[in-house]
Structures are given as C-alpha cells and as structure tokens.
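Fold and contact review
One-letter residues, chain by chain:
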Amino acid sequence: MVIEKIPVLDLQKQYAEIGADLERRVLEVLRSGHYILGPHLSHLEALVADMCSCTHGIGVANGTDALILALWALGVGPGDEVITTPFTFAATAEAIALRGAKAVFVDIDPATFNLNPDLIEAAVTKKTKAILPVHLYGLPADMDRITAIANRYNLKVIEDNAQAIGALYKQKPTGALSNAACISFYPTKNLGACGDAGMIVTNNPETAERLKVLRAHGMRTRYYHDELGVNSRLDELQAVALLTKLPYLPTWNEKRRQVAAWYAEALADCPNLRLPSLPVYATPVWHQYTVCVLGNKNELRDELQQQLAAEGIGSMCYYPVPLHRQKAFSDLGYGPGSFPAAEMVSQQVLSLPMYPELEAAQVNRVASAIKRFMQARTAISVPTTTAPPVFG
Ligand SMILES: *Cc1c(COP(=O)(O)O)cnc(C)c1O
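We now turn to the structure provided with this report. The numbers attached to residues start from 1 for each chain and follow its sequence in the written order. With the structure being a predicted model, the display of local features is reserved for residues of pLDDT at least 70 and the display and counting of side-chain atom pairs for 80 or more, all residues being used for whole-chain, interface and lining totals. Side-chain calculation: all heavy atoms of the structure are included, whereas hydrogens and water are not.

Regarding the pairing of strand β3 (residues 102-105)
Going by this rule: Any two strands with at least two DSSP-identified bridges between them are counted as paired. A run of H or I in DSSP counts as a helix once it spans at least four residues, and a run of E counts as a strand once it spans at least two, with each numbered from the N terminus. If you view a crossover with the strands going away from you and the path from the first strand over the helix to the second runs clockwise, you call it right-handed.
With 4 bridges connecting them, strand β2 (residues 81-84) and β3 associate as parallel partners. Among the inter-strand pairings, I83 is bridged to a residue of β3, identified as V104. The handedness of the β2 to β3 crossover, carried by helix α4 (residues 91-98), is right-handed.

Overview of the sheet that holds strand β13 (residues 282-283)
Pairing in this open sheet of 3 strands is antiparallel, and the strands run β7-β6-β13 from one edge to the other. The open sheet terminates on both sides in strands that have one partner only, identified here as β7 (172-173) and β13.

A look at helix α6 (residues 205-214)
Applied cut-off: Under the scheme applied here, a residue whose accessible area is under 20% of the maximum for its type counts as buried, over 50% as exposed, and between as partly exposed, the area being computed with a 1.4 Å probe on protein chains only. Two N or O atoms count as a polar contact when they lie within 3.5 Å, although within protein this holds only if one can serve as hydrogen donor and the other as acceptor, and sequence-adjacent residues are included solely when both atoms are side-chain atoms.
Buried within α6 we find T207, A208, L211, V213 and L214. The backbone nitrogen of E206 has a side-chain oxygen 2.8 Å away, supplied by the residue at the start of α6, namely N204.

As for the sheet that holds strand β4 (residues 128-132)
This is how it is decided: As a rule, the C-alpha atoms of each element are fitted with a line to give its axis, helices using only the stretch in contact, and angles between N-to-C directions run from 0 to 180 degrees.
What the 7 strands build is an open sheet, ordered β1-β9-β8-β5-β4-β2-β3; its pairing is mixed. Of all strands in the sheet, those bounded by a partner on one side alone are β1 (56-60) and β3. Sheet twist, expressed as the mean angle between neighbouring strand axes with direction ignored, is 25°. Note: β4 against strand β5 (residues 156-160), 2 bridges, orientation parallel.

Description of the packing of aromatic side chains
Note the threshold: Any two rings among Phe, Tyr and Trp, with Trp reduced to its six-membered ring, count as a pair given centres within 6.5 Å; such a pair is stacked if its planes are under 30 degrees apart, edge-to-face if over 60, and tilted if neither.
Applying the stated criterion across every chain yields a total of 14 aromatic pairs. Centre to centre, the rings of F113 and Y137 are 5.1 Å apart; their planes meet at 75°, and the pair counts as edge-to-face. Within this pair, whereas F113 is found in the loop between β3 and β4, its partner Y137 is found in the loop between β4 and α5 (143-153), the two being separated by 24 residues in sequence. When the ring of Y263 is compared with that of Y289, the centres are 4.8 Å apart and the planes differ by 20°; the resulting orientation is stacked. Placement of the pair is Y263 in helix α8 (residues 249-266) and Y289 in strand β14 (residues 289-293), with a sequence separation of 26 residues. Taking the relative accessible area as the measure of exposure, Y263 reaches 0% and is therefore buried. The exposure class of Y289 is buried, given its relative accessible area of 1%.

As structure tokens, then:
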C-alpha cells in the first residue's frame, strides 16, 4: 500500500484551483509590455489597503523591504532603539539593524507566542523610537496594550503583519492597528505571490507619500532626486498574480480556521502537548498551526518530527533558535537565559500541516500519529503513576 504524503504546505493544490485563471491573466500582462508601476499594482494597493481598513497601500519588492521602508519612513535610524520580539523570523530584527537602529528584545507570552505586553514598559529608554510587534503564526498581538504604552511614551508602532493578513483584533483587521503595517506576499504566506512581493498599509497620507518616494530612488519628480531611496517595487506580474488570488483569501482563511478546529478537537486529549491558545481578542488566520511538545529540551519534539516524517507527514519548526541567540545578532550582547519564554518555546514548537485544501481525514491522520507517539512516550516515561506526565 502506498501511503499518501501530507506535506506541511501544498501549493500545487492551490494551483489546481486557480491555475487556469492565473495563467490567462499573467499572459495578458506579459503581452502588455507594462511591467513596473502599472495599473495592476495600483488596483492591488487599493484592494489590500481596503481589506486592512487602511487608506493607503504601497507595494514593495518583499516583506523585508516593507519593514525597512516603514521604519525609514517613520523616522527610525542610527541611534534609535526599536522594541520587538526575539521569537520571530529574522527579517523583523534584521530590518531594524539595517536601518542602523538597535533591536531591543522583550520576551514573549508563551501562551500566544507574541510580545508580552507586561514586559514592554521596562524596556523603554530615551532612545526608544518604536515598537514592532509581530502577529506570529497569524495570531494578532495584544495591540490595545501595546498602543497604550506607545502613546504614553510617544512611540511609533509598526505591525509585522507578514503572517496575519485577514486576521482580526477585536473585530478590526490587523494592519489598521498601528502607524504602518508590513505585509509579505512570499509564496508560502496566506496570500502568496509567484515570487517575492510585499506591501505597507497605513492610514497616514504623509507616511504613504514618503514610502512612495523611498521605494523609487527618492524621486518625487522623475529624475529629480531629493533624497536617497532604494529600488523596491512590486512588479505587474506579481501584482496580477496577487489580484487573481485575493478574492479567494477570505474563503482560504475560513478553511484554515476549520482545519485548526479539527486539530483542536482531535488533539484535545493528547498527553504532554500544548495546543495553540485563542485569546478572546483575536480572530486568527492560522498561518501556522503550532503545538508545543512540553518540556525544556528539544529531544522529544525532534523525535516526534522524525516519527511524523517516517509516516509521510511533514512538519516544521518555526523557529528553532530565538533571534537573541543567533550569531547574526550576537553584537546585541544577549546571553542565554535573557528571554526564558522565547528560549523555552523554541525547544517545544512544531508546526503541523496547514493549508486550506487539507481534509478532515488528513488532519485526523496527523493527529492520530501524534497521539500514538505521545501516548507511547508517556507510558515509557511514567510507567507507575497516574499523575500527569512531566518531561524534562
Ligand atoms: C515572511 C516574513 C517576513 C519577511 O517577508 P519576505 O517577503 O520574505 O521578505 C518578515 N516577518 C515575518 C514574521 C515573516 O514571516
């Protein structure tokens, strides 16, 4: 018998749904000869901004550039400090460093994987210019509490909304909860291009204007450069691909919610596993469905991952090393133990297969494999007691 593989993400399933439409529309753009800063980009900028309850969208080359340009447009530069999370994709802190500013990490709440609002205020200094929360795995950070601190100290807030397009925080879309929000259309994101692309959304017309200048070599009038900028644009081929996919996004996000609900039900009684928590303020979009294998060592998590792989089931560890323990950020001088929650969950997290096309039977197969492994391990580790198993 051939076992059907369940990859962690399957973009070919999506292509089967929209491929014909995509090919037709991409071909139209190819034949048009208009490839940069054209009508498809303007259309996409308007639709994505609107979806995020923002007045302006500025398309750029990728999500990392969106972060760099948002920080730049909001005045973050050398000598400034920006408060952010150590438990995120490197681009978040990289963008701060590339602006010549300093990333100041604040630990996460292990329940949400997002910035812990209780710890932010203690990290504010005279040099702090902005707070950069990440809506990790598609779950909005606690923005009201973050905004309250920002207002108290007159700080800017920039959302890293790379993973959460379409999510709601207290019924408001992520992206509309800060001075500027950064979206990535990397192919594996909930709304993915056929290559690299990104966007900044904002409700501030001056910020929007500045971003348009910075993304195009500091030009307001063609070939008149008032200041230095960069070349970071979202091209027409990517724009038309995103326009083709955008109408599907609400349905795709709804299907992700269904998949998450199936996982939650099927894994509810699994020993030694922590399922994602759902704060009352959040309607997430499940960019990832991430469980924690409890304990303070990564061995059991890694063994589970191997066992799943042996059964044809994909999984990923986002992220195995928190940013303050990465070589690239060693100059920030944070030692081990600086952010215990981020360090703990980086040993525990495992993201399970998650995409809209997953079916209940597949989710149940993943869940059964996890339960079988965890029950066996629990039985070996705690053979004689009925107390809940404790690992590590
Ligand atoms: C994907 C991602 C980025 C970077 O986006 P790119 O388009 O790949 O440059 C930034 N932050 C987070 C949290 C991401 O997941």
